[in-house]
Each structure stands twice: as structure tokens, then as C-alpha cells.
Amino acid sequence: MIKTAEFIMSNSEVAKCPKDNLPEYAFIGRSNVGKSSLINMITNHKNLAKTSGRPGKTQLINHFLINKNWYLVDLPGYGYARVSKSSKKKFQKFITDYFEKRQQLVLAFVLVDIRHEAQKIDLEFMAYMGESGIPFSIIFTKADKLKPKAIERNIEAYTQELLKTWEETPHYFITSSASAIGRDEVLQHIDTTNHEINNLKQE
Ligand code: GTP
Ligand code: MG
């Protein structure tokens, strides 16, 4: 359950992120996929993270402290075509820096729009996470935009695409920030993971 959710800080450098050793969960995915909206939905705060209909809204690493105990992290999107070629290698450097250097990161959620078939850049990002040994789950967003049958069909197609390169499919969640679908499941997963971390610490 979420009792408190507070914005702590925005950063362009991993080194300046919060120094306390609390576990954190990061949201990553293409611009406009709904990362910031999902943080608001999960925390039940309308305007905690800034959202926009235009891609490229989130530009920094944003830390939100939950229950004074763990962080949700909102990141800028990748694959935003209007960012100049020079600043946009494949994935912006400070995003890869964040994933490679942030010791407190427990799990990343890679968000994909449930309406679209698997996009190359998302599959490449998941491959990068796999190669870097960073644990991730998939969150399908905007489920309110499809009927149940279409959701089922798209998940099946996405799973089949993943199985071309992955031995097993990553854990996934179906969500909608508009209708709060999937909120409990994502929160439950974070809760369970936090408990596992605490148990490990006590051993
Ligand atoms: P960047 O910060 O630019 O990388 O984007 P983002 O991934 O944070 O996306 P954001 O949360 O700003 O949402 C982008 C647009 O999608 C906004 O217009 C949202 O209202 C809309 N949106 C996000 N989630 C949902 C959803 O679950 N359902 C519907 N219908 N619209 C959504
Ligand atoms: Mg955003």
C-alpha cells in the first residue's frame, strides 16, 4: 500500500542521485509510452510526475520516495526522433549510465504500448538489459485502448517475438493509467521484492 509519495530530486548525473541505500525501481521505455503517467497512477497522485501528450517531456532522472522506504524512478524516454543525432546515440548516455552504475536499482520496468507490435528499439533495449545483467519486467501500457480479445492477441504476438531471442519471456504486467488496470499487481510485485531484499539483509 502507498501511504506517502514525495518528489525528491531531478538529476542529469547518476553520481548526484540520492545517496541513501534504499531500493529503487525504474521506469524506462520509448517517449510517450506512459512512464510518468504510470508513476502517477501507481502512487495515486495526479501530478507527481510531469506528463505530456508530446513525447520528450521527461528529460532528467527523477526520484520519488515511497513510504519513506523505497524509490520509484522516472526516466526520459528513448527513441525520440526529434532529439538531434549527435545527442542521441542509440540510447542517451545518461540512461545507460544510470543502468550501469546505479547500485540501488533493484528492478527496471520496460514499458511498451500494448497497441503496437514489438518495436526494434524496445527489443534492442531489452537485449541490452539482458547483456548487462540488469533484471527487468515488461509493463504493457494503455490497455484501456484495446478490447480484451485484442489485448490477448497482442500479448501472444509479443511473447512469440520475444521467444525468438529469449529462452523464456520476462515477467510482464498489463496496465492502464487511465483505468488503474494492473496497479495492484505491479505494487504487489514491488512489495514482495522489497520483502525479499529485507530478508536477505537479515540473513
Ligand atoms: P516521456 O516523458 O516523453 O518519455 O513520456 P512518458 O513515457 O512519460 O509518457 P507520459 O506519461 O507523459 O504519457 C504520454 C501520453 O500518453 C499522455 O498524453 C498520457 O495521457 C497518455 N497516456 C499514458 N498512459 C496512458 C494510459 O494508460 N491510457 C491512455 N489512454 N493514455 C495514456
Ligand atoms: Mg515522462
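Residues numbered from 1 in each chain as written. Chains lettered and ligands numbered in written order. Predicted model: local features only at pLDDT ≥ 70, side-chain atom pairs only at ≥ 80, totals over all residues. Heavy atoms only, no water.

Attention shifts here to the coordination of the magnesium ion (ligand 2). Summarising the metal site, the magnesium ion (ligand 2) is bound by the protein donors Ser-36 (OG) and Thr-58 (OG1), whose distances to it range over 2.0 to 2.2 Å. Note that Ser-36 is positioned in helix α1 (residues 35-43) and Thr-58 in the loop between α1 and β3 (61-66), a separation of 22 residues in sequence. Accessibility expressed as a relative area gives 7% for Ser-36, which makes it buried. (Donors = N, O, S within 2.8 Å, 3.2 Å for Na, K, Ca; no water. Helix = DSSP H or I, 4+ residues; strand = E, 2+ residues; numbered from the N terminus. Buried < 20%, exposed > 50% of the residue type's maximum accessible area, 1.4 Å probe, protein only.)

What follows deals with the sheet that holds β3. For sheets, the rule is that strands pair by backbone hydrogen bonds, running either parallel or antiparallel. In space, the 7 strands of this open sheet follow the order β1-β3-β4-β2-β5-β6-β7, with mixed pairing throughout. A strand with exactly one partner marks an edge of an open sheet, and here the two such strands are β1 (5-11) and β7 (172-174). Adjacent strand axes in the sheet meet at a mean angle of 25°, parallel and antiparallel pairs treated alike. On the sheet, α1 packs against β1, β2 (24-29), β3, β4 (70-74), β5 (105-113) and β6 (136-141) and is oriented at approximately 150° with respect to β4. (Pairing = 2+ DSSP bridges. Axes fitted to C-alpha atoms, helices over the stretch in contact; angles between N-to-C directions. Contact = heavy atoms within 4.5 Å.)

Right, let's talk about the pairing of β4 for a bit. With 5 of 5 residues buried, β4 lies mostly within the body of the structure. Burial along β4 is two-sided: Trp-70, Leu-72 and Asp-74 and Tyr-71 and Val-73, pointing in opposite directions, are all buried. Relative to β4, β2 runs parallel, the two sharing 4 bridges. Each residue of the ladder has a partner; that of Ala-26, found in β4, is Val-73. The pairing of β3 with β4 spans 5 bridges and is antiparallel. In the sheet register, Phe-64 faces β4, and the bridge partner there is Leu-72. The hairpin formed by β3 and β4 contains 3 residues between the paired strands, and Asn-67 there has a positive phi angle of roughly 50°.

One finds Tyr-98, Phe-99 and Phe-125 to be the most contacted residues of the largest nonpolar core, which totals 35 residues. Elements represented by at least two residues in this core include exactly β2, β3, β4, α2 (93-101), β5, α3 (120-132), β6 and α4 (148-162). Per-element tally for this core: the top contributor is α3, with 5 residues. (Core = buried A, V, L, I, M, F, W, Y, C linked by side-chain atoms within 4.5 Å.)

In this structure the tally under the stated criterion is 8 salt bridges. Close ionic contact of Lys-16 with Glu-13 constitutes a salt bridge, the shortest N to O distance being 3.4 Å. For Lys-16, a relative accessible area of 47% translates into the label partly exposed. Its salt-bridge partner being Glu-24, residue Arg-102 comes within 2.9 Å of it at the nearest N-O pair. With Arg-102 in the loop between α2 and β5 and Glu-24 in strand β2, this residue pair connects regions lying 78 residues apart in the sequence. Arg-102 sits in the buried class, given a relative accessible area of 8%. The exposure class assigned to Glu-24 is buried, which follows from its relative accessible area of 0%. Through salt bridges with shared partners, a single network forms among Lys-93, Asp-97 and Lys-101. (Salt bridge = Lys/Arg side-chain N within 4 Å of Asp/Glu carboxyl O.)

Purely geometric numbers; function is a separate question.
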